[in-house]
2 protein chains.
Amino acid sequence: MLYKLTSFLLYIMQKSVIIVAGGSGRRMQSDIPKQFIEISGKPIIILTIEKFYAYDNDINIILVLPSKHIPHWNTLAVKYNLMIPFLIAKGGDTRFQSVKNGLALVEKGIVAIHDAVRPMVAVKTIQRCFETALQLGNAIPVIPVNDSLRVVENESNKPFDRNFVRIVQTPQCFNVNLIKNAYLQDDDIRFTDDATVFEKYGEKINLVEGNPENIKITHPVDIAFAEALLKL
Amino acid sequence: MLYKLTSFLLYIMQKSVIIVAGGSGRRMQSDIPKQFIEISGKPIIILTIEKFYAYDNDINIILVLPSKHIPHWNTLAVKYNLMIPFLIAKGGDTRFQSVKNGLALVEKGIVAIHDAVRPMVAVKTIQRCFETALQLGNAIPVIPVNDSLRVVENESNKPFDRNFVRIVQTPQCFNVNLIKNAYLQDDDIRFTDDATVFEKYGEKINLVEGNPENIKITHPVDIAFAEALLKL
């Protein structure tokens, strides 16, 4: 019954996603910004857009792009005959400012904030984030750590129990009013993602299960991984 | 000059590797123990053996296998016409006991202890570990973390600065006398790898650079990743 009510509320709730594509191609040893690199014949950012559209084809899609990348994006939208509607917000000098510019185009409901370079996000992960954010005001996807960890400090290092650690992914989902208020704060070097902005504003963060394939495409080896996955 | 001396000492030093293959196939949803699964036409454990042989074809290779897996291993050695010499030690009930059984076959010099399911280790990583272990008594390979992290405790969770965290890989390399003494301790639930055994015995652990591809093959998605890498 509660589940049905959530589903219904989520159905009528306005849903948006801000897809943040701020990165340059430096770490990829490529001139193409990494969100525009093709994987199995499609630019990463289009694969990402398609995932959110598959989750809900009424979702508002907001792309945050540095001005200088907008012409390239437009040619890709033509070349790949993109039929999914989108809005473009201008990228800022920092990720914080970019997200803020995206939020200016969102009015109400629940908003997901997602890295453009995470095309392997599962639709189930998106769904879990939106459902929990609807119930509790926010939700971020996390996965456990498979390897041993160590903490380094100055010249020394010591083991750190991985059972207490989670790897944070996106989409990070929030009640629109709450996240907009959180983004009225000044930027802070300790803001590494939207959850850290949100919790400094005083909110508790809710963790939901992510999916292990949902990696941030950063290095050339990640492209190989994503291509292998798409062929599975 | 110092470098040349290290190279010379490393050349005359006895080098061994204990390849620990204790795992069953449960998390792989496979009946085959994961170290025997084929990647691009070769069992993982053979790919791993070949990496250490490529580093130094005089290295002593010790495989630690559960008794019940020895017949399967022997058929693979025949099927793939393995021409690299090896010794077999019997797996124990715990990883601690397995490593101890492997160490019983090593006499002196430097020993690497490596997970059988890490076939993507770079020869450069193996080299860095042996060189530093020769100079300082031990070395383990680590890589930085790319994603945001959170620490969970009871019902709450908080951000954790990834800049202080390293992901630990293998091979973990040690002076043979020192690691043998460390393994005279009783087993302890806090021993998650050989470095934790070694440091409880009172030694400082030295970190060297690993390689990001050197993942522990755990889930089916990891196989796809490894196959993609081998094709690069």
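Look above for the structure.
Computed from a predicted model, the values in this text were never measured in an experiment. (Residues numbered from 1 in each chain as written. Chains lettered and ligands numbered in written order. Predicted model: local features only at pLDDT ≥ 70, side-chain atom pairs only at ≥ 80, totals over all residues. Heavy atoms only, no water.)

**As for the packing of aromatic side chains**
Here's step 1: Enumeration over the complete set of coordinates arrives at 12 aromatic pairs over all chains.
Here's step 2: With a centroid separation of 4.7 Å and an interplanar angle of 50 degrees, the aromatic rings of A:Phe174 and A:Phe198 are classed as tilted. One end of the pair, A:Phe174, is in strand β11 (residues 172-175); the other, A:Phe198, is in helix α7 (residues 194-200), and 24 residues separate them in sequence.
Here's step 3: Pairing A:Phe225 with B:Phe225 gives two aromatic rings, centres 5.4 Å apart and planes at 75 degrees, and the pair type is edge-to-face. Taken together, the residues A:Phe225 in helix α8 (residues 220-231) and B:Phe225 in helix α8 (residues 220-231) connect one chain to another. For the pair shown, A:Phe225 and B:Phe225 are each scored as buried.
Here's step 4: Members of the aromatic cluster, each reached through a chain of ring pairs, are A:Phe96, A:Tyr183 and A:Phe191. (Phe/Tyr/Trp six-rings, centres within 6.5 Å; stacked < 30°, edge-to-face > 60°. Helix = DSSP H or I, 4+ residues; strand = E, 2+ residues; numbered from the N terminus. Buried < 20%, exposed > 50% of the residue type's maximum accessible area, 1.4 Å probe, protein only.)

**Remarks on the pairing of strand β10 (residues 165-168) of chain A**
Here's step 1: Bridge analysis of strand β7 (residues 138-144) of chain A against β10(A) gives three bridges, and the strand direction is antiparallel. Residue pairing for β10(A): A:Val142 is matched across the bridge by A:Val168. (Pairing = 2+ DSSP bridges.)

**Considering the interface of chain A and chain B**
Here's step 1: Facing the 37 residues of chain A at the interface are 37 residues of chain B.
Here's step 2: Here chain A packs against chain B, burying approximately 3200 Å² in sum over the two surfaces, 62% of which is carbon and sulfur.
Here's step 3: A salt bridge links B:Arg118 to A:Asp147; the shortest N-O distance between them is 3.0 Å.
Here's step 4: Secondary-structure elements contributing two or more residues to the side of chain A that touches chain B are β8 (149-153), β9 (156-160), β10, α7 and α8 of chain A.
Here's step 5: The element contributing the most residues to the side of chain A that touches chain B is α8(A), with five residues.
Here's step 6: Taken together, the residues that form the side of chain A that touches chain B break down as 19 nonpolar, seven polar and 11 charged. (Contact = heavy atoms within 4.5 Å. Buried area = accessible area lost by both parts, 1.4 Å probe. Salt bridge = Lys/Arg side-chain N within 4 Å of Asp/Glu carboxyl O. Nonpolar A, V, L, I, M, F, W, Y, C, P; charged D, E, K, R; others polar.)

**Focus on helix α5 (residues 123-136) of chain A**
Residue and element names in this part refer to chain A.
Here's step 1: Relative to the 20 Å expected for 14 residues at 1.5 Å per residue, α5 spans 20 Å between its end C-alpha atoms, a close match to the ideal helical length.
Here's step 2: Along α5, the residues classified as buried are Thr125, Ile126, Cys129, Phe130, Glu131, Thr132, Ala133 and Leu134.
Here's step 3: Gly137, located one to two residues past α5, shows a positive phi value of around 95 degrees. (Expected span 1.5 Å × (residues − 1).)

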